[in-house]
Amino acid sequence: MNSEQENTVSPIKRALRAIEDLQAKVDELEYTKREPIAIIGMGCRFPGADNPEAFWQLLRNGVDAITEVPADRWNIEKFYDPDPDAPGKVCTRKGGFLAQVDGFNPEFFGISAREAASIDPQQRLLLEVGWEALENASQAAEHLYNSSTGVFIGIYLNDYSKVMSSVGDSTQIDAFSAIGNSLSVAAGRLSYILGLKGPSMAIDTSCSSSLVSVHLACQSLRLRECNLALAGGVGLNLVPDTSIALSKSHMLNPNGRCQTFDAAANGFVKGEGCGVVVHKRLKDA
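Values in this document were obtained by computation on a predicted structure and should not be read as measured data.

Enquirer: Would you mind showing me how to read the side chain of serine 247 here?
Expert: The topology assignment puts serine 247 in helix H11 (residues 241-248). With near-sequence residues (within four places) excluded, serine 247 lies in contact with Pro84, Lys89, Val90, Cys91 and Leu252.

Below, the structure written as structure tokens:
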């Protein structure tokens, strides 16, 4: 419409057109708040399952993956006592543990063997599972370099720093120790290795950390802060300290089982693992 035609349009019609334009913008903003998000891939390492397919079969078949505390974690005979109030003791011998947490191929990620030794196994595990999740989503890592991809990771345990401190040899502290054991670096290392340019953050809201990371990933996608998002969480039980504290608060079930919604419920059992899901806005997926 040219200026001459515009001048012939009544003020009422112009006002109505302006209202329609504003309403369209409001509708777009409202849609953005609830825009559907798609999960396009996932990766995981859980007790008894090293990938999503194995985890599905474990759930489908009702497999019990709870075991006695492995000898490479802590001496269960030294720390076990059925009395939850016994000082320095844990009231259960059970837990959910990964079969192997010390295996890692640092060269694959361009990390030296020396640096790898100072990196929290949680960070190492996150690199592996994050890569596997992208493969599951058919997202080639080399194509994500410099992309607007976000990383949101729930993490709040820091057992490896206690393991290193227990050695008692300060000469083992090197330039890699600080970032290798910093929880905030867990997400940043994944972003750095892949060359991602989207938001990158570690989230600690205790037991809800992974759930909050997924929420923030969805919000970031809706706000167009990123076009692809990895969200998940990681946690490893390497020392008995947290279990001792939970035992004292009577939060652990001595029989090593979670009996949710059961009259016999008497606390929970600690587990560990790592899970990462890859998200996109549904219309982009």
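There is more to say, and it comes next.
Enquirer: Can you help me understand the pairing of strand S7 (residues 273-281) in this one?
Expert: Residues in a regular strand project their side chains so that they alternate between the two faces of the sheet. Of all nine residues in S7, nine are buried; the element is thus mostly enclosed. The alternating pattern of S7 places Gly273, Gly275, Val277, His279 and Arg281 on one face and Cys274, Val276, Val278 and Lys280 on the opposite face, and all of these are buried. The pairing of strand S1 (residues 37-45) with S7 spans eight bridges and is classified as antiparallel. Its bridge partner lying in S7, methionine 42 is registered against valine 277. The sheet contact formed by strand S6 (residues 228-235) and S7 spans seven bridges and is antiparallel. If you follow glycine 233 over to S7, its bridge partner there is glycine 275.

Enquirer: Help me understand the packing of aromatic side chains, please; the structure alone is not making it clear to me.
Expert: For any pair of aromatic rings, the description consists of the separation of the ring centres together with the inter-plane angle of the planes. Under the counting rule described, the total for this entry stands at six aromatic pairs. Pairing phenylalanine 104 with phenylalanine 109 gives two aromatic rings, centres 5.7 Å apart and planes at 5°, and the pair type is stacked. A single burial state applies to phenylalanine 104 and to phenylalanine 109, both of which are buried. Classification of phenylalanine 109 by relative accessible area gives buried; the value is 9%. Taken together, the ring pairs connect Phe104, Phe108, Phe109 and Trp131 into an aromatic cluster. The ring of tyrosine 80 has arginine 93 lying over it, and the distance from NZ or CZ to the ring centre is 5.0 Å. Here arginine 124 stacks its cationic end above the ring of tyrosine 160, 5.5 Å away from the centre of that ring.

Definitions and limits used
Residues numbered from 1 in each chain as written. Predicted model: local features only at pLDDT ≥ 70, side-chain atom pairs only at ≥ 80, totals over all residues. Heavy atoms only, no water. Helix = DSSP H or I, 4+ residues; strand = E, 2+ residues; numbered from the N terminus. Contact = heavy atoms within 4.5 Å. Buried < 20%, exposed > 50% of the residue type's maximum accessible area, 1.4 Å probe, protein only. Pairing = 2+ DSSP bridges. Phe/Tyr/Trp six-rings, centres within 6.5 Å; stacked < 30°, edge-to-face > 60°. Lys NZ or Arg CZ within 6 Å of the ring centre and 35° of its normal.

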